[in-house]
Structure formats: structure tokens, C-alpha cells
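What the coordinates show
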Amino acid sequence: KDYQHILTSRFESKDPEKPASLGVGLIELNQPKSLNSLSDALFEDLIDAARVFDKQEDIGSIVITGKGKAFAAGADIPEMSTKSFAEAYNSNMFSQWAEFKISKPIIAAVNGFALGGGCELAMMCDIVIASPNAKFGQPEVNLGIIPGAGGTQRLIRAVGKSKAMQMILTGEMITAEQAERDGLISKVVESREVLLEEALKIGYAIGEKGPIAIRMAKECVNAAEEMNLEQGLQFERRNFHALFATSDQKEGMGAFLDKRTPVWKNE
Ligand code: HXC
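What comes next concerns the included structure. Being a predicted model, the structure only gives us computed values, none of them experimental.

A grouping of Ile77, Leu143 and Ile145 is seen on the molecular surface, where their side chains present a nonpolar patch of about 250 Å² in accessible area. Positionally, Leu143 belongs in the loop between strand S8 (135-137) and helix H5 (151-159). Residue classification places Leu143 among the partly exposed residues on the basis of a relative accessible area of 48%.

Next comes the structure, spelled out in C-alpha cells:
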């Protein structure tokens, strides 16, 4: 499909020792002139492309990154600047972000600024890695607004109250290194040049596993943010039981016992 604001492509592992059975879908935010500001039109492309990859059986995970010097510098300021309360309220502005529900793992490869909605987008992904030059922040208060796509909710879960408050109330950015220390991201890669490669490596590692188990694991981890411990443990255990109804479980354990590589069927 021809998108106006993003680029999409797909990658397959070329490692002969570890042939991942599933490929990785790549989405590159491609409005570098406005630092990939997240206009409604860009977000529409993004959600559409993610849904398309989610449906493709030979894709195991999705990587999102940005072209140019930003991952995304936030919602599009010109687009928002003249909106009235009634317009924002009546259109339920940014409610489409809550529709970003994708069953396959999404890796954010943060290549530069991840600010406002850009930081929120990264936090909506499942794994976040970043290049050393990346910067994270929720600068909305500089504009007389607050985060509007989960920043006040997800940041506190990621880094705790004091750090979340400091970022949200001062609007100050943190470095990639600080973001890793704070637990906002899982890794700072060595350089900008290897960022995509590293993200794809994670994607290939995921693509070697049983796809039903991968999607179920994501669902269970995400459930931890919604459920209390008792419910979460029950949800996990029931899903665990359900996997014994899949042929991939028989294949995975059978392959281990036969000392061979499993061949997944996604069933
Ligand atoms: C639209 C943006 C933009 C944005 C940058 N640009 N951020 N356009 N929306 N969010 C544009 C600039 O206007 C400029 O356009 C071009 O990108 C390059 O940016 P510069 O400012 O010249 O670059 P630099 O000096 O390097 O500064 C980078 C920056 C700064 C620190 C990231 O651009 C900045 O502070 N941007 C705003 C970040 C922000 O406030 N984000 C939160 C938005 S609110 P021209 O035409 O002049 O070259 C938000 C709410 C979330 O996200 C709600 C839920 C989605």
C-alpha cells in the first residue's frame, strides 16, 4: 500500500545458523521536515500499516523507527494550535491512539527525539531500544497542555512517580542513557548506525519462537497493567493451560526432546 507519511518494508533473517521462520515488518515515520510530528494523517497510516503486518502470517513482529533526527517530536503542533475545547471534546481528539491494539510484539527503535506523543508512542510499544543520541521527554507543559496519549499513565508505570513527575512537570528531556537507567527503555545501542540492525535482531529472535505463545505472552504481560496480582496470575495460568491445546506446544517440546529445531505451524 502507498502511504503518504510512512515507509513500510519487510526483512527476513539471513543468519544460516538461526533461520527465523518469521520476518519483521518495518514502519518508518517519514516526515523528517517536521521531525515526524504525529499528525492525524500520519497516525492513520501508522495504525493501518501496523494492522496489515499484524494480519500477515509470515510476519512475527513489527519495528517502528523514524527517518531523520527524530523518532517523533510529538503531536503536530500547527494541527492542534487553534482547536477549541468543543472541537477537541466533540471529536474526542487522539482517542484513535487507544485503538492502537496490535497482537504481535512491537519494537520501538528510537533514533532521536521522542517527545510528547513521540514518547507516548514509544511507551505503547512492547520493547524500546534507542541510539545514544535519542532524547525522551514530555514537554507538553511548555505548550500549556498535558500529555494526551498515555504519558501521565504509562510513564509512572515505567519509571515511578518521582521521575515521571519531574519529566512531566518540568518538560525536561532525558538522555537515552538516563532512560535506560530509569527502566523506560531496555537498551542503548552502540551507535545510530546499528540501531535498526539491533531492532531487527530482536525481531528475528522473536520470529524463531512459537507465534501463538509469543502473542499470548504479550497479552499476559500487558494484562499485568490492568489486573491485580491474583487475577493476573489466574489469567496467565489459564492461558498457559490453553497452549497445551496447540500443536506448536507438542512440536516445541517434541523438538527439544528430539534435539532438533521446531517447525511452528501457528496452530
Ligand atoms: C509540528 C514540529 C514539531 C511538532 C518540531 N517541528 N516539532 N512541527 N509539530 N511537534 C518542526 C519545527 O517547527 C521545525 O519546522 C522543524 O520541525 C525542525 O524543528 P526545530 O525546532 O527547528 O529543530 P530543533 O531546533 O533541532 O529542535 C528540536 C526540538 C523542537 C527540541 C524537538 O523542534 C521542539 O521542541 N519541538 C516541539 C516538541 C514538543 O513540544 N512536542 C510535544 C507536542 S504536544 P520549520 O518549518 O520551522 O523548519 C504533544 C501532545 C501529545 O505531543 C498528545 C497526544 C498525541
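Next comes the rest of the account.
Next up on the list: the packing of helix H9 (residues 211-223) against helix H10 (residues 229-242). A pair of packed helices is characterised by two quantities: the angle between their axes and the separation of those axes. Where H9 meets H10, the closest approach of the two axes is 10 Å, and the angle between their N-to-C directions is 170°. Comparing the axis directions of H9 and H10 gives the class roughly antiparallel. The residues of H10 that touch H9, namely those facing Met216, Glu219, Cys220 and Ala223, are Phe235, Glu236, Asn239 and Ala242. Residue composition of the contact of H9 with H10, grouped by class: 5 nonpolar, 1 polar and 2 charged.

Attention now moves to the packing of aromatic side chains. Taken as a whole and judged by the stated rule, the model has 5 aromatic pairs. Ring centres of Phe43 and Trp97 lie 4.4 Å apart, and the angle between their planes is 10°; on these two criteria the pair is classed as stacked. Pair noted here: Phe43 is in helix H1 (residues 40-55) and Trp97 is in the loop between helix H3 (85-90) and strand S5 (106-110), with a separation of 54 residues, a long-range link. Neither residue differs from the other here; Phe43 and Trp97 are each classed as buried.

A word on the site of the ligand. Inspection of the region around the ligand gives 26 residues, with Lys69, Ala73, Ala75, Ile77 and Gly117 positioned closest. At 3.3 Å from an oxygen atom of the ligand is found a main-chain nitrogen or oxygen belonging to Lys33. Here a nitrogen atom of the ligand and a backbone polar atom of Ala73 are 2.9 Å apart. Across the complex, the protein chains shield 64% of the 1000 Å² of accessible surface that the ligand would expose by itself.

The rules behind each value
Residues numbered from 1 in each chain as written. Predicted model: local features only at pLDDT ≥ 70, side-chain atom pairs only at ≥ 80, totals over all residues. Heavy atoms only, no water. Patch = residues over 30% accessible without salt bridge, like charges linked within 9 Å, V, L, I, M, F, W, Y side chains within 5 Å. Areas by Shrake-Rupley, 256 points an atom, 1.4 Å probe, with all protein chains shown as cover. Salt bridge = Lys/Arg side-chain N within 4 Å of Asp/Glu carboxyl O. Helix = DSSP H or I, 4+ residues; strand = E, 2+ residues; numbered from the N terminus. Buried < 20%, exposed > 50% of the residue type's maximum accessible area, 1.4 Å probe, protein only. Axes fitted to C-alpha atoms, helices over the stretch in contact; angles between N-to-C directions. Parallel < 35°, antiparallel > 145°, perpendicular 65-115°, else oblique. Contact = heavy atoms within 4.5 Å. Nonpolar A, V, L, I, M, F, W, Y, C, P; charged D, E, K, R; others polar. Phe/Tyr/Trp six-rings, centres within 6.5 Å; stacked < 30°, edge-to-face > 60°. Near = heavy atom within 4 Å. Polar contact = N/O pair within 3.5 Å; in protein donor to acceptor, adjacent residues only side chain to side chain.

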